Amino acid sequence: MGATKPFTIPKKLFVEAFEAVKANKGAAGVDGQSVEDFEKNLKDNLYRVWNRMSSGSYFPPPVKAVEIPKKNGGIRILGVPTVADRVAQMVVKLTFEPSVEPVFLKDSYGYRPGRSALDAIAVTRKRCWQYNWVLEFDIKGMFDNIDHELLMRAVRKHTDCRWVILYIGRWLKAPLQLANGTLVERHKGTPQGGVVSPVLCNLFMHYAFDLWMGRTFAGVPWCRYADDGLVHCKTEQEAQIIKAALARRLEKCGLRMHPEKTRIVYCQDANRKGEYPNKQFDFLGYTFRPRVVQNRGQDRRFVGFSPAVGAQSLKAMCQMTRSWNLRNRSDLSLQDIARMYNPVLQGWLNYFGRFYPSALYPVLRHFNRTLVAWAMHKFRRFKDHPTRAGLFLQRIAKQMPHLFAHWQRGMVGAFA
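Residues numbered from 1 in each chain as written. Predicted model: local features only at pLDDT ≥ 70, side-chain atom pairs only at ≥ 80, totals over all residues. Heavy atoms only, no water.

**Student:** It is not clear to me how the overall build of the protein chain should be interpreted in this structure. Could you clarify?
**Tutor:** Along the backbone of the protein chain there are 15 helices and 11 strands. Summarising its shape, the C-alpha atoms of the protein chain cover approximately 75 × 60 × 40 Å along the three principal directions. The 416 residues of the protein chain split such that 49% are buried. Sequence-distant contacts, at least 24 apart, represent 69% of the contacts inside the protein chain between residues at least 6 apart. Surface exposure of the protein chain reaches about 21100 Å², of which carbon and sulfur atoms provide 52%. Side chains of the protein chain give 64 positive and 34 negative charges; the mean places of these two sets differ by 5 Å. (Helix = DSSP H or I, 4+ residues; strand = E, 2+ residues; numbered from the N terminus. Buried < 20%, exposed > 50% of the residue type's maximum accessible area, 1.4 Å probe, protein only. Contact = heavy atoms within 4.5 Å. Areas by Shrake-Rupley, 256 points an atom, 1.4 Å probe, with all protein chains shown as cover. Lys, Arg positive; Asp, Glu negative; His and termini not counted. Charge placed at Lys NZ, Arg CZ, Asp CG, Glu CD.)

So, in structure tokens, the structure goes:
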């Protein structure tokens, strides 16, 4: 008979964890092993992870540091664990998350099952109509600066499962491996990119902000998506008081407000007059600002404080379209292009087309004009004739409206 394992972890949990990791896709970690490579010898690979975790001898390998450019400039360091480590983290997440999820408050939206960024946008839009002022706050490097001791105290409060506590503690300390192979020790933070990191961040912020907000400013509505948050206030003075108190609270928890991304905004509309320096804010890729809107079912138009796709998001989508280099892909048919890029177009429409969809037209026009450039390069008769190429594509759009996601919605737009 084999030796008894100190921890009893069901093997079926590892199969479920791998399926979730596979669905999330993601790059290889420091060992260079892809999800596909891991799956080739799935049974042995899963057994190896289960055996080590059950015996208490599992130590996570270093996390691969990957630089990701931010939309507004600068670099974000993403920590990519190995596939095996992602499976191990998913096992812990599947075990630990059900114990904390019911405790989290309804206005925490980030990385939570059954809650989405669009839910956060919808509730924010409604509250901007009800409250004149918004405190927009951002936490500088939240994932990188979470206090390990405070976090582990919260973890122990919500679970007595010894192996969950053990491995969360080890993941927090796993070093970061830079591109040149240098290992960087970690004494605070949890890698942005780790499977278990989002639930740990939500747990930390549940105590650092969510519960504190309810105790200190009861009745004041707020909304948080990971490290981005909004507090709706009746007056500018109230917003100033909360801003100062929140800065002190975050410092006490080892975090800092982002000085450039934290500000107080006036929600100006047709009924709210006055001149103030900040009359718009960005949240989850949307920009909230005064816009001309129309009453549903009525002809009346008025100025409302509403969300629409933000300028940075528009720029990023156009840059992505350019990066596809479609104008030079004369080897592709129009059907090939639709098959390859419709999932992306559909994703943009699903997310940014929910509120004020007409603001998305510049991206769709840019895509259509990219198709014109493709047609000019592919067909000799259209070379140096953008108008002819545009008319050609316009005819196809009428004949085959279901070919592209935005054509299906009648967003054919300009081709020239």
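From this point, things continue past the structure.
**Student:** Help me understand the side chain of R272, please; the structure alone is not making it clear to me.
**Tutor:** Relative to the helices and strands, R272 resides in the loop between β8 (263–266) and β9 (281–283). The class of R272 is buried, set by a relative accessible area of 8%. Side chain to side chain, R272 and N132 meet in a polar contact 2.9 Å long. Setting aside chain neighbours within four positions, we find R272 in contact with C128, W129, Q130, Y131, N132, Y266 and C267. (Polar contact = N/O pair within 3.5 Å; in protein donor to acceptor, adjacent residues only side chain to side chain.)

**Student:** How do you make sense of the side chain of T190 when you look at a structure like this?
**Tutor:** Here T190 shows up in the loop between β5 (183–184) and α9 (197–216). Under the relative-accessibility criterion, T190 is labelled buried at 3%. Side chain to side chain, T190 and S197 meet in a polar contact 2.8 Å long. Leave out the neighbours within four places in its chain, and T190 touches F143, I146, L172, S197, L200 and C201.

**Student:** How should I be thinking about the packing of aromatic side chains in this particular structure?
**Tutor:** For any pair of aromatic rings, the description rests on two quantities: the centre-to-centre distance and the angle between the ring planes. Tallied over the full model, the rule gives 26 aromatic pairs. Measuring from ring centre to ring centre gives 5.5 Å for Y47 and W50, while their planes differ by 45 degrees; the resulting arrangement is tilted. Linking Y47 with W50, this pair stays in helix α3 (residues 42–55), spanning 3 residues, or about one helical turn. When its relative accessible area of 14% is taken as the criterion, W50 is described as buried. Here F367 and F404 contribute two aromatic rings whose centre-to-centre distance is 5.5 Å and whose plane-to-plane angle is 65 degrees, an arrangement assigned as edge-to-face. With F367 in helix α13 (residues 361–378) and F404 in the loop between α14 (386–399) and α15 (405–408), the pair connects residues that are 37 residues apart, well separated along the chain. (Phe/Tyr/Trp six-rings, centres within 6.5 Å; stacked < 30°, edge-to-face > 60°.)

**Student:** Before we go on, may I ask you to explain the sheet that holds β9 in this structure?
**Tutor:** Strands in a sheet are paired, the pairing made by backbone hydrogen bonds, and the direction either parallel or antiparallel. Strand order in the open sheet made by the 3 strands is β9-β10-β11, with antiparallel pairing throughout. Taken across any chain shown, the strands that pair with only one partner, and hence form the sheet edges, are β9 and β11 (301–309). Averaged over all adjacent pairs, the angle separating strand axes in this sheet is 50 degrees, with direction ignored. Relative to β11, strand β10 (residues 286–294) runs antiparallel, the two being bridged by 9 bridges. Considered in β11, the bridge of V293 is made with F302. (Pairing = 2+ DSSP bridges. Axes fitted to C-alpha atoms, helices over the stretch in contact; angles between N-to-C directions.)

Nothing here speaks to function; it is all geometry.
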